[in-house]
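Chain and residue survey
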Amino acid sequence: MLTRKQLELLDFIQKRVARDGVPPSFDEMKEALDLRSKSGIHRLITALEERGFIRRLAHRARAIEIVKLPEAMEKRGFAPRVIAGERADPPKDALPVAATQALELPVMGRIAAGVPIEAISEVSHHVAVPGAMLSGRGQHYALEVKGDSMIEAGINDGDIVVIREQGTADNGDIVVALVEGHEATLKRYRRRGGMIALEAANPAYETRVLREDQVRVQGRLVGLIRSY
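The structure contained in this document is the topic of the report that follows.

Structural notes on the overall build of the protein chain
Within the protein chain, the secondary structure is distributed over five helices and 13 strands. A burial count over the protein chain gives 41% of its 228 residues as buried. Considering only residue pairs separated by 6 or more positions, the protein chain has 58% of its internal contacts joining residues 24 or more positions apart. For the protein chain, the computed accessible surface area is about 12,700 Å², with 48% contributed by carbon and sulfur atoms.

Dropping the structure here:
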């Protein structure tokens, strides 16, 4: 099931792709749906991606693959296709984009490194990240750290952490964990039998031990940016 706005956006993207061969820009989407900010578009696109209707292609500007459409839209006729973005494909012998240049990642608000805060869901701004910092394939995003519970891991209040989206973690990984579906926190991950321990890197904070069904990993720390 899609909300009215999600359906409107999917319909708008599909029509623009059919007409122009490329998806609309975020500004065009915002204007078409009469939204006040592009953060609303980011949320709608994320929701469509999570529901399997679209797929964003990494490291390509305005590159979206429409995977499927709701039944009502499919009756008009549809064939999945990959839409090339504004950047040309690199030569076959070129180094991967991620290894040669900086990339812009969305900063999805602030993440608590102390007491958990409400789950992050909005893009506040973007930050340039060295491509070599990105870890393998997959989507990446950035968060601003709030709090001091991870200082002994070298993560300070105000730092920008780079996160690779993934739903699993190994013992010892520093992860973004969603606790009970509504709190997000940055902690070191440990599995203890059927329980999950979220460990701080500051003796002033206690380790939180939760049932496995109370914790969902949303990404793993792969880099850090600090301003002086």
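Brief notes about the nonpolar core
In this structure, Leu 9, Ile 13 and Met 29 are the most contacted members of the largest nonpolar core, which totals 16 residues. Considering each element in turn, this core owes the most residues, five residues, to helix α1 (residues 4-20). In this view, Leu 9 contacts Met 29, Leu 33, Ile 41, Leu 44, Ile 45 and Leu 48; residues no more than four positions away in its chain are not counted. Of all hydrophobic cores here, the second largest spans 15 residues; its members include Ile 155, Val 161, Ile 174 and Leu 186.

What about the pairing of strand β7 (residues 140-146)?
Within a regular strand, side chains alternate between the sheet's two faces. Taken across its seven residues, β7 has five buried, putting it largely inside the fold. One ladder, built from five bridges, connects β7 with strand β8 (residues 160-164); its direction is antiparallel. Counted as the bridge partner of His 140 is Arg 164 from β8.

Points about the pattern of salt bridges
The tally for this structure, following the rule as stated, stands at eight salt bridges. The salt bridge involving Glu 8 is made with Arg 4; its shortest N-O contact spans 2.7 Å. Taken together, the residues Glu 8 and Arg 4, both in helix α1 and four residues apart, mark about one turn of the helix. Judged by relative accessible area, Arg 4 falls into the exposed class, the value being 58%. Between Lys 15 and Asp 11 there is a salt bridge; the shortest N-O distance is 3.2 Å. In this pair, Lys 15 and Asp 11 both sit in helix α1, four residues apart, roughly one turn of the helix. The class of Asp 11 is buried, set by a relative accessible area of 16%. One salt-bridge network, in which partners are shared between bridges, spans Arg 4, Lys 5 and Glu 8.

Considerations on the environment of Arg 16
By the element assignment, Arg 16 lies in helix α1. Since its relative accessible area comes to 14%, Arg 16 is described here as buried. With residues near it in sequence (within four places) discarded, Arg 16 still touches Gly 21, Val 22, Pro 24 and Glu 28. Among the polar contacts listed, one links the side chain of Arg 16 to the side chain of Glu 28, at a separation of 3.4 Å.

Details of α1
The terminal C-alpha atoms of α1, which comprises 17 residues, lie 24 Å apart, in line with the 24 Å expected from a rise of 1.5 Å per residue. Every buried residue of α1 is listed here: Gln 6, Leu 9, Leu 10, Asp 11, Phe 12, Ile 13, Gln 14, Arg 16 and Val 17. Downstream of α1 by a residue or two, Gly 21 has a phi angle that is positive, lying close to 85°.

Let's talk about the side chain of Asn 202
In this structure, Asn 202 sits in the loop between β11 (195-199) and β12 (208-211). Taking the relative accessible area as the measure of exposure, Asn 202 reaches 11% and is therefore buried. Dropping the residues within four chain positions of it, Asn 202 is found in contact with Asp 148, Ser 149 and Ile 151.

Remarks on the environment of Arg 188
In this fold, Arg 188 is placed in strand β10 (residues 183-192). Leaving out residues up to four positions away in the same chain, Arg 188 has contacts with Met 150, Ala 153, Gly 172, Asp 173, Ile 174, Ala 197, Leu 198 and Glu 199. One polar contact links the side chain of Arg 188 to the main-chain carbonyl oxygen of Gly 172, over a distance of 2.6 Å.

Some remarks on helix α3 (residues 38-50)
If you check α3, its first and last C-alpha atoms are 18 Å apart, about what 13 residues at 1.5 Å a residue would give, namely 18 Å. Residues of α3 that are buried: Ser 39, Gly 40, Ile 41, His 42, Leu 44, Ile 45, Ala 47 and Leu 48. Gly 52 occupies a position one or two residues after α3 and carries a positive phi of about 85°.

Cut-offs applied
- Residues numbered from 1 in each chain as written.
- Predicted model: local features only at pLDDT ≥ 70, side-chain atom pairs only at ≥ 80, totals over all residues.
- Heavy atoms only, no water.
- Helix = DSSP H or I, 4+ residues; strand = E, 2+ residues; numbered from the N terminus.
- Buried < 20%, exposed > 50% of the residue type's maximum accessible area, 1.4 Å probe, protein only.
- Contact = heavy atoms within 4.5 Å.
- Areas by Shrake-Rupley, 256 points an atom, 1.4 Å probe, with all protein chains shown as cover.
- Core = buried A, V, L, I, M, F, W, Y, C linked by side-chain atoms within 4.5 Å.
- Pairing = 2+ DSSP bridges.
- Salt bridge = Lys/Arg side-chain N within 4 Å of Asp/Glu carboxyl O.
- Polar contact = N/O pair within 3.5 Å; in protein donor to acceptor, adjacent residues only side chain to side chain.
- Expected span 1.5 Å × (residues − 1).

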